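# Report on the structure
Letter by letter, the chains look like this.
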Amino acid sequence: MSDLITEHCTTLETWKQNSEYYKQDDDILNDLDTELLRLKSSNIVIFRQELNKVVTLLCTNVIYLNETILTFLRDYFIELFQQWRELTYFNDSNDSNIFENLSIIFTNLCYSNQLEKTSLIEEFCECLNTIARMGQPMFTNSHIPVINRLLNSYLNIESHNKSQLIENSLFRVVIIKCLCVSYTVEIFNQLKRSAKSEERSLPETFVFSVLLHYVSCLSTNQLEQNAPDLRKHLLPSIYDLLNDYAVSLTDWSNSAINILTDVTTTFLYRVDMTMPHDEDFEVQVSIINVAIQIVLGQCRSAKLHQNCIQYVYTGTLSDNVLDYLKSQKLTQTMLKLCTMYKDEAEIQFNIYRILAAIMTEDDIKRLDDPGAIAKVFLDHLREVMNWVGWEVRLKNLLSSLKILLQHDQIRDEVYKQDGIQLFIKCATKTKFEALVQQRALENLLIMSFDKNVSESLLWILTKDETTEVSQTNQSSETTYDIMISYSHKDKDLCFQLYDRLQKDNFRVWLDREQMHGTPLEAMSNAIENSEFVFICMSDGYKQSGYCKMEAYYALERQRCIIPLVMKSQYRPDGWLGIVVTGRMRIDFPKYGFDDAYDKLMIEIDRNRKEKKIDMNQNSARHHEMPSVSKPSHNTQIIEDKKVLKATYQAKSDHCLPSNIEQWTVDDVQQFFVKQQLENFLPICSQMKGTRLLALYKMCMTNSPTMLQSLNNELTTMEKHGERNVIGIAEYLQFLEDIKPFVPISNEKSDVTVPRSSLCTLL
């Protein structure tokens, strides 16, 4: 025993009892340092006893520690770390107490600079590596609270007291190692078994409250390389927790629910639970199913339910997961949730974002109040535009609106609620990044196809009226054989097709960068100077305003359009269904690339043979298209050598339903025959009422252009010299005769949309 240390400890104890803290007395501290050094070299047992007495008082903050004593204590703290990671225990109980009390001293904000010393950081990293290597023995060690305390202190330092995400973490790699050991899965299982208890075990606290909490404060950039490992290792366990909660949520304690909420929050916003090319697809859809089950049940945690519905929305950003969601026909379920969570703005907003991604044309038509959906999105857009740091939400919000604007009912409501002005602000304010501006411009472009707004926007589908010439006066010369119109989401297959066409000596125009703005003129020139335009059909294509403009412009310029199916079982509807009606579709997913390519070559050859070119009116020599080789792989393809003109007869006993949306193919045929509008039949004979209604809307939106487009379509369908032409009188009769069958909610007035030069908006 040291009399000097006893004397000074008595003084410190007196200050403590009198509630006197952070006293300054370097003489006492220097004496303690000198005496402890002497004891350490002479009698290690007494040294440990005396040091235990000293640090027990020092950790109560009765005296402000100087650099001398801090250096001594830090060096011994490192020695204890080395001993603990080598043995996993201490030979002397005094060392165990000293280890605990030193961790309290060094996590005091007054001395946090000591934690930044390289020697201590390196040793602490070694300890974390040992924990990751040994697993269970270290996770369950009684001294793991020391690790918890230090990690939380380092978190405060690296994130500037949690005021910002950590961009450069010294511990990221070792923390990920700790989370990816096999024993963490067992800890998830332990939580499931102990969910009824409010008390949490040491391993549970270490994993959920420390390691995962640390991960939640790392920036996405910091986690980019490690996120796939975390998802692969822990997503199945997260599913198990969610599934158990969904089944027995009333048995779960508040502390267990808080942990589950924090875990899902971390994986949503830092790790990303869903990635477009993630290999864990089955786990992802399993989590989606249980997430929907949870939000349909009793709500014990609004934040957890918010995370669940946010996860379902995040799934819509992945093509594979979105296809799965659409296959589940969840529209009515989501509408039910809208009613359940009418007072939870964030949850309701995400439900509407899910609806935007999964609803079909028929779903939209059955909506009782499409204006409510438009209002939710536009109100949120007004708020987010003024929030700092919410660029990701703003971009996703504009993307959701882009999908919704494909539907006439929603587009009309957005116009009525001044959505145009919001899009213009997003597109023109310099404070918004380029991607936000681009998505706002895309929405404006889609809105420009509506008769109400087309006059106020500069987007158009044709060039100057002075450049327009009739088909009979157009030159047969083309710069390109093929222009590929596609959505960036389908770029892999489109690039593969482009490379194959190039290899076969076709001259192909394709915008690899999918840039917008000034390249629009290049796009229009490519369409005008291409013999064929390939429309690469998918959900992404239909939702793109740029793709819609390209398709309409190709139709307007009377290019030979060949529709290509990009996604398995995709069926075009709405405006895209009208554009490709009556055209031979090449289904790449159905036939496989090679066989589909062979069919495409035959379709090109068929169109070229049927195309009538008056060589006497064209002195320029037409570029020779590459010869189309015979299909490989012995592909069986049957070509009609002669197309017989179909005949239709009026049925005296046939009665048309009063609502055009209920018409069958036979009803459509009878309408045209009885109204003596037979020239429409080559285009419309295989349409149902819903398609014919869509055609009517397009005619009412842009009447002159559609008359020309219909006649262009008829021109491409000419067989053996037979020619059908829809005259102005017949066209006006069609619009008048069909009007009584159009539901009032869908009826549109006849407005002529002016045409101007192809240019960049604003």
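You'll find the protein entered in an unreviewed UniProt entry as TIR domain-containing protein, with Adineta steineri given as the organism.

### Section: the overall build of the protein
Scanning the protein from terminus to terminus reveals 37 helices and 5 strands. Sorting the 762 residues of the protein into buried and exposed places 54% on the buried side. Accessible surface, the protein as shown: approximately 34,800 Å² in total, 47% of it carbon and sulfur.

### Side note on the pairing of strand E1 (residues 480-485)
Remark: a regular strand shows side chains that alternate across the two faces of the sheet. Summarising burial for E1: 5 of the 6 residues are buried, a large majority. Direction of pairing for E1 relative to strand E3 (residues 530-537): parallel, over a ladder of 5 bridges. Residue pairing for E3: Met483 is matched across the bridge by Val533. In terms of strand pairing, E1 meets strand E2 (residues 508-509) through 2 bridges, oriented parallel. Residue pairing in the sheet places Met483 in a bridge with Trp509 of E2. Read from E1 through helix H26 (residues 491-503) to E2, the crossover connection turns out right-handed.

### Here's the deal with the sheet that holds E3
Across the sheet, which stays open at both edges, the 5 strands sit in the order E2-E1-E3-E4-E5 with parallel pairing between neighbours. Unpaired on one side and paired on the other, E2 and strand E5 (586-587) mark the two borders of the sheet. Note that E3 and strand E4 (residues 560-565) share 6 bridges and pair parallel. Paired with Phe534 across the strands is Ile562, a residue of E4. On top of the sheet, H26 reaches E1, E2, E3 and E4; it is set at about 175 degrees to E1, its chief contact.

### Details of the packing of helix H19 (residues 345-358) against helix H21 (residues 370-384)
As a packed pair, H19 and H21 sit with axes 10 Å apart at the nearest point and diverge in direction by 115 degrees. Helix-helix and strand crossings are classified by hand; for H19 and H21 the assignment is left-handed. Contact with H19, carried on its side by Glu346, Gln348, Phe349, Tyr352, Arg353 and Ala356, involves Ala372, Ile373, Val376, Phe377 and His380 of H21 and no other residues of that element. Among the residues forming the contact of H19 with H21, the class breakdown is 7 nonpolar, 2 polar and 2 charged.

### Some words on the side chain of Ser400
With respect to the secondary-structure elements, Ser400 resides in helix H22 (residues 391-404). Residue class for Ser400 comes out buried when judged on its relative accessible area of 4%. With near-sequence residues (within four places) excluded, Ser400 lies in contact with Tyr313, Arg353, Ala356 and Phe377.

### Some thoughts on the side chain of Arg583
Considering the arrangement of structural elements, one finds Arg583 in the loop between helix H30 (574-580) and E5. Reaching out from Arg583, the side chain makes a polar contact with the backbone oxygen of Val579 at a distance of 3.1 Å.

### Points about the pattern of salt bridges
Summed over the entire model, instances satisfying the criterion amount to 26 salt bridges. Residue Glu123 is joined to Arg85 by a salt bridge in which the shortest nitrogen-to-oxygen separation is 2.4 Å. With Glu123 in helix H6 (residues 118-134) and Arg85 in helix H4 (residues 67-87), this residue pair connects regions lying 38 residues apart in the sequence. In this structure Glu123 comes out as buried when scored by relative accessible area, which is 5%. Counted as one network, the salt bridges with shared partners bring together Arg48, Asp92 and Asp95.

### Let's talk about the environment of Met698
For Met698, the location among the structural elements is in helix H35 (residues 689-701). Beyond its immediate stretch of four places on either side in the chain, Met698 contacts Tyr552, Ile578 and Met706.

### Description of the packing of helix H3 (residues 44-58) against helix H5 (residues 93-106)
In contact at an axis separation of 9 Å, H3 and H5 are set at 30 degrees when each is read in the N-to-C sense. What the angle tells us is that H3 and H5 run roughly parallel. Relative to H5, the crossing made by H3 is left-handed. For the pair H3 and H5, the contacting residues are Arg48, Gln49, Leu51, Asn52, Val55, Thr56 and Leu58 in the first and Asn94, Asp95, Asn97, Ile98, Asn101, Leu102 and Ile105 in the second. Partitioning the contact of H3 with H5 into residue classes produces 6 nonpolar, 6 polar and 2 charged.

### Remarks on the nonpolar core
In terms of nonpolar packing, the biggest core is built from 215 residues, with Leu73 and Leu692 touching the most fellow members. Each residue touching Leu73, except ones within four places of it in the same chain, is listed here: Leu51, Val55, Leu58, Leu65, Leu102, Ile105 and Phe106. By size, the runner-up hydrophobic cluster in this structure holds 26 residues, among which are Ile482, Leu497, Phe593 and Leu600.

### Side note on the packing of aromatic side chains
Considering all chains together, one arrives at 32 aromatic pairs under this definition. For the ring pair Phe139 and Phe206, a centre distance of 5.2 Å and an interplane angle of 75 degrees mean the geometry is edge-to-face. In this pair, Phe139 is assigned in helix H7 (residues 136-139) and Phe206 in helix H11 (residues 202-216), connecting sequence segments 67 residues apart. Summarising the burial analysis for this pair, Phe139 and Phe206 share the class buried. An aromatic cluster is present here, built from Phe77, Phe81, Trp84, Phe90, Phe99, Phe106, Phe124, Tyr154 and Phe171 joined pairwise through their rings.

### Considering the environment of Gly545
With respect to the helices and strands, Gly545 occurs in helix H29 (residues 545-556). For Gly545, a relative accessible area of 0% gives the class buried. For the pair Gly545 and Glu442, spaced 103 residues apart in the sequence, the C-alpha separation amounts to 5.6 Å.

### A look at helix H25 (residues 434-447)
Between its terminal C-alpha atoms H25 stretches 20 Å, which fits the 20 Å expected from 14 residues at 1.5 Å a residue. What H25 keeps buried is the set Val436, Ala440, Leu441, Glu442, Asn443, Leu444, Leu445, Ile446 and Met447. For H25, the elements touching its buried residues are H22, helix H23 (408-416), helix H24 (419-428), helix H28 (539-543) and H29.

Rules of the game
- Residues numbered from 1 in each chain as written.
- Predicted model: local features only at pLDDT ≥ 70, side-chain atom pairs only at ≥ 80, totals over all residues.
- Heavy atoms only, no water.
- Helix = DSSP H or I, 4+ residues; strand = E, 2+ residues; numbered from the N terminus.
- Buried < 20%, exposed > 50% of the residue type's maximum accessible area, 1.4 Å probe, protein only.
- Areas by Shrake-Rupley, 256 points an atom, 1.4 Å probe, with all protein chains shown as cover.
- Pairing = 2+ DSSP bridges.
- Right-handed = clockwise from strand over helix to strand, strands pointing away.
- Contact = heavy atoms within 4.5 Å.
- Axes fitted to C-alpha atoms, helices over the stretch in contact; angles between N-to-C directions.
- Left-handed = near helix turned anticlockwise from the far one by under 90°.
- Nonpolar A, V, L, I, M, F, W, Y, C, P; charged D, E, K, R; others polar.
- Polar contact = N/O pair within 3.5 Å; in protein donor to acceptor, adjacent residues only side chain to side chain.
- Salt bridge = Lys/Arg side-chain N within 4 Å of Asp/Glu carboxyl O.
- Parallel < 35°, antiparallel > 145°, perpendicular 65-115°, else oblique.
- Core = buried A, V, L, I, M, F, W, Y, C linked by side-chain atoms within 4.5 Å.
- Phe/Tyr/Trp six-rings, centres within 6.5 Å; stacked < 30°, edge-to-face > 60°.
- Expected span 1.5 Å × (residues − 1).

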